[in-house]
Amino acid sequence: MNCTVQVALPNFSTYREMTDSGSILLQPIWDFVRSKEHVISSPFYPAIFSFTVYMFFCLPYLALDVLCHKIPALKKYQVQPKSRPTLAMVLHCLAHTIYSHLVYIFPLTVAYVYWRPVDMPFAAPKLHRFILDIIACLLLFDFQYFAWHLLHHRVPWLYKTFHKMHHKYTATFVLATQYSSAWEMLSLGFFANVSPILLNCHPMTEMAVFVIHIYLSVEDHCGYDMPWATHKLVPFGLCGGPGHHDLHHEKFVSNYAPYFTHWDKLFNTLAQKKAKKP
């Protein structure tokens, strides 16, 4: 009778894959995300996640819109201090965002999930690759958006048919971020999603890029130039910031790039707000 005890040995190939391909900082985060795979793989998840993240980033600025008129010290952070979104404007934009998610984003994300099922490898990306891929995705999207945006301003039919809706408000406020036509929302969503695919990014990087896109677009339209704004954290004037994009809504003829400033500099379409008088 064979009484040999079999001991399960650790899978060293899997461990090596984790240490070679992963990151000691990112792996615990990725392990947590992987534990929610049953939720993430749901066809309902992308649209719900998109709307939830968007509202999460919008709420602090909505609170500022209320507090700004009770706390005068906050007014110095407003890009256009004389402007104030009304309750009707806020509710109108919110209703439009909900409608767009239900009618356009949800059906397309369901189709996308079935076309490209969620792939969640064991190992997280290396930290340096994670950071470089995020930067690369943002730069690629910035070019795509700049070209798309400039074209829609220079061709009157495109502007009137597709882009004019987004320019209804000449003073930006946070819920105006997604106040746009279906064509604009879907085409920019396509650019944001195709960039990580073209660059063969890790799924964790794709998720991070998606969240960063939402945050930066919200920050661009928030109407407040806060001390922690991205353009103040990134040196050498490489990023535009809320004032940069607000000026585009106010004047219509400059600052077409969403995040960075180099394309506007190259095409001589860069404009800057005048410094506020102390």
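Please read these numbers as outputs of a predicted model, since none were measured by experiment.

### With respect to the overall build of the protein chain
Piece 1. Looking only at helices and strands, the protein chain features 12 helices and 0 strands.
Piece 2. Counting from the amino terminus, helix and strand elements in the protein chain follow one another as α-α-α-α-α-α-α-α-α-α-α-α.
Piece 3. Projected onto the principal axes, the alpha-carbon positions of the protein chain cover approximately 90 × 40 × 40 Å.
Piece 4. Per-residue burial over the protein chain gives 44% buried out of 278 residues.
Piece 5. Just so you have it, the protein chain exposes about 15,900 Å², and 70% of that area is on carbon and sulfur atoms.

### Section: the side chain of S100
Piece 1. Looking at the secondary structure, you find S100 in helix α5 (residues 87-115).
Piece 2. Ignoring any residue separated from it by four or fewer positions in sequence, one finds S100 in contact with I105 and M185.

### A look at the packing of aromatic side chains
Piece 1. Within this structure, the stated rule accounts for 20 aromatic pairs.
Piece 2. With a centroid separation of 6.0 Å and an interplanar angle of 35 degrees, the aromatic rings of F141 and Y145 are classed as tilted. With F141 and Y145 both in helix α6 (residues 127-154) and 4 residues apart, the pair spans about one turn of that helix. This pair shows no difference in class: F141 is buried, exactly as Y145 is.
Piece 3. One aromatic cluster in this structure is built from F141, Y145, W148 and Y259.

### Looking at the side chain of H101
Piece 1. Structurally, H101 can be placed in helix α5.
Piece 2. In this structure H101 comes out as buried when scored by relative accessible area, which is 5%.
Piece 3. One polar contact links H101 to S50, side chain to side chain, over a distance of 3.2 Å.
Piece 4. A polar atom in the side chain of H101 sits 2.9 Å from the backbone oxygen of T97.

### Points about the UniProt feature "transmembrane region" (unreviewed entry) in the protein chain
Piece 1. The feature "transmembrane region" (unreviewed entry), as given by UniProt, occupies residues 44-68, 89-115 and 127-148 in the numbering adopted here.
Piece 2. In residues 44-68, helix accounts for 92% and strand for 0%; the two terminal C-alpha atoms are 37 Å from one another.

### Some details on the nonpolar core
Piece 1. In terms of nonpolar packing, the biggest core is built from 24 residues, with W30, F130, I134, L138, F141, M204 and Y259 touching the most fellow members.
Piece 2. For this core, the elements supplying multiple residues, two or more each, are α2 (27-35), α6, α8 (182-198) and α9 (203-221).
Piece 3. With near-sequence residues (within four places) excluded, F130 lies in contact with L26, P125, M204, T205 and A208.
Piece 4. In this structure, Y54, C58, C93 and F173 belong to the second largest nonpolar core, which totals 23 residues.

Cut-offs and rules
- Residues numbered from 1 in each chain as written.
- Predicted model: local features only at pLDDT ≥ 70, side-chain atom pairs only at ≥ 80, totals over all residues.
- Heavy atoms only, no water.
- Helix = DSSP H or I, 4+ residues; strand = E, 2+ residues; numbered from the N terminus.
- Buried < 20%, exposed > 50% of the residue type's maximum accessible area, 1.4 Å probe, protein only.
- Areas by Shrake-Rupley, 256 points an atom, 1.4 Å probe, with all protein chains shown as cover.
- Contact = heavy atoms within 4.5 Å.
- Phe/Tyr/Trp six-rings, centres within 6.5 Å; stacked < 30°, edge-to-face > 60°.
- Polar contact = N/O pair within 3.5 Å; in protein donor to acceptor, adjacent residues only side chain to side chain.
- UniProt positions renumbered as here; feature names shortened; annotations may be inferred.
- Core = buried A, V, L, I, M, F, W, Y, C linked by side-chain atoms within 4.5 Å.

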